[in-house]
Amino acid sequence: MRRRPMITPRMIMATITTTVITITTVITITINTTNIATTIITTTITPMLMTTSEPAPADAGSGMNADQAAVLYRLMTWLSPSFPVGAFSYSSGIEWAVEAGDITDAAALRDWLAAMLTEGSGFCDAVFLAQAHRAASAQDKAGLHEIAELAAAFVPSRERQLETSTQGRAFVEIARSAWACDGLDEMVAACDGMIVYPTAVGVVSAAHAIPLAPAMHAFLHAVVSNWISAGARLVPLGQTDSQRILASLEADVAATAKRALEASLDDLGSATFRADLASLRHETQYTRLFRS
């Protein structure tokens with residue numbers, strides 16, 4: 001009698017290696033063989049899936065298109081400490097608060113800045129930025145003029161007026177010289193010379209079609225960073241403490257931005273009386289490092 005050839009696992013493996021397996025195919029082969037003792041042995045072979053390597057799209061992983069990259073680049077430039085608006089020479093009254101003993105360490109500085117941000121000039125300036133941005137985007141010259149006029153008057157002291165108006169003019173002039181765009185001169189003219197810092201940022205951002213939300217967050221980050229820089233030199237504080245304060249104010253910046261984006265001009269108001277007093281007292285402070 002002719003004997004049937006026995007199929008061994010080695011023979012199966014040799015066959016599998018010559019089989020072309022696609023990415024979407026899974027092959028499972030079950031072989032039943034009988035040895036001398038008539039014991040059933042089951043061998044299951046599952047070949048590994050083959051993969052292909054396809055070239056990724058050119059912009060994969062970048063996360064931004066050209067317009068988004070331009071927005072980020074401009075905001076990082078305009079609101080960085082190196083942008084020459086002279087922000088380093090102002091302390092917003094922090095200098096007097098340090099001399100008076102209101103700010104003595106990192107914790108006290110953090111609490112002072114949180115109040116200024118959420119209940120004082122930080123929130124008010126953010127509202128003016130939002131309103132100016134919307135008016136400029138809508139080409140509402142009359143509305144923009146009223147906003148610019150109110151923003152210029154909404155300051156508690158002469159030095160605060162100097163601070164915000166000087167930075168506003170510098171911001172506009174540098175933006176027009178290095179980052180000129182259609183419609184910017186027209187919107188600046190609508191302000192009729194009354195262009196303070198938050199109004200300037202709102203108008204320039206709108207002229208460059210930069211969305212309001214990122215402009216708002218970048219502006220508040222720049223304001224808080226400048227306050228911390230002044231406090232670090234006056235208290236004084238080290239770099240690590242300064243960064244800890246900035247990190248601890250992250251949630252306050254986000255919350256203030258959200259409130260300002262939802263607010264109207266009727267929601268303007270400040271409750272930081274001690275900070276306003278510090279700004280007034282700084283005018284007659286005997287020894288000063290800062291202009292406000």
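We now turn to the structure provided with this report. Everything numeric in this text was worked out from a predicted model, so none of it was measured. (Residues numbered from 1 in each chain as written. Predicted model: local features only at pLDDT ≥ 70, side-chain atom pairs only at ≥ 80, totals over all residues. Heavy atoms only, no water.)

**Description of the overall build of the protein chain**
Scanning the protein chain from N- to C-terminus turns up 13 helices and two strands. Each of the 292 residues in the protein chain was classed as buried or not, and the buried ones make up 41%. Here the protein chain displays about 16,300 Å² of accessible surface, and carbon together with sulfur accounts for 57% of that area. (Helix = DSSP H or I, 4+ residues; strand = E, 2+ residues; numbered from the N terminus. Buried < 20%, exposed > 50% of the residue type's maximum accessible area, 1.4 Å probe, protein only. Areas by Shrake-Rupley, 256 points an atom, 1.4 Å probe, with all protein chains shown as cover.)

**Describing the nonpolar core**
The biggest cluster of nonpolar side chains holds 76 residues, and the ones touching the most others in it are Leu79, Ile94, Trp112, Leu113, Leu144 and Phe171. In terms of residue count, the dominant contributor to this core is helix α10 (residues 212-234) (14 residues). Beyond its immediate chain neighbours, meaning those up to four positions away, Leu113 contacts Ile94, Trp227, Ile228, Ile245 and Leu249. (Core = buried A, V, L, I, M, F, W, Y, C linked by side-chain atoms within 4.5 Å. Contact = heavy atoms within 4.5 Å.)

**Points about the layout of surface pockets**
Taken as a whole, the largest pocket spans an internal volume of roughly 670 Å³. Of all the secondary structure elements, the ones that give two or more residues to the lining of the largest pocket are α2 (66-78), α5 (121-137), α7 (158-178), α10 and α11 (239-248). Considering every element that reaches the lining of the largest pocket, the biggest residue donor is α10, with 12 residues. Looking at side-chain class alone, the lining of the largest pocket contains 19 nonpolar, 14 polar and four charged residues. (1 Å grid on protein atoms, 1.4 Å probe; cavity = no way out; pocket = protein on both sides within 12 Å on 5 of 7 lines; lining within 4 Å. Points joined across faces, edges and corners; volume = space filled by probe spheres on them. Nonpolar A, V, L, I, M, F, W, Y, C, P; charged D, E, K, R; others polar.)

**Side note on the pattern of salt bridges**
Where charged atoms of side chains with opposite charge meet at close range, the side chains can pair. Tallying each qualifying case throughout the model produces 10 salt bridges. With a closest N to O distance of 2.7 Å, Arg160 and Asp125 form a salt bridge. On the criterion of sequence distance, the pair formed by Arg160 in helix α7 and Asp125 in helix α5 is long-range, its members being 35 residues apart. Between Glu159 and Arg288 there is a salt bridge, with the nearest N and O atoms lying 2.3 Å from each other. (Salt bridge = Lys/Arg side-chain N within 4 Å of Asp/Glu carboxyl O.)

**Considering unusual backbone geometry**
Most peptide bonds take the trans configuration, and most residues that are not glycine carry a negative phi. Residue Pro236 is bonded to the preceding Val235 through a cis peptide linkage, with omega at -5°. Counting through the fold element by element, Pro236 comes out in the loop between α10 and α11. Backbone geometry places Gln139, a non-glycine residue, at a positive phi of 60°. Checked against the element boundaries, Gln139 lands in the loop between α5 and α6 (141-153). The backbone of Asp192 shows a phi angle near 55°, a positive value even though the residue is not glycine. Tracing the chain through its elements places Asp192 in the loop between α8 (184-190) and α9 (197-207).

**A few points about a nonpolar patch on the surface**
Taken together, the side chains of Met64, Leu72 and Met76 present a nonpolar region at the surface, about 290 Å² in accessible area. For Met76, a relative accessible area of 54% translates into the label exposed. (Patch = residues over 30% accessible without salt bridge, like charges linked within 9 Å, V, L, I, M, F, W, Y side chains within 5 Å.)

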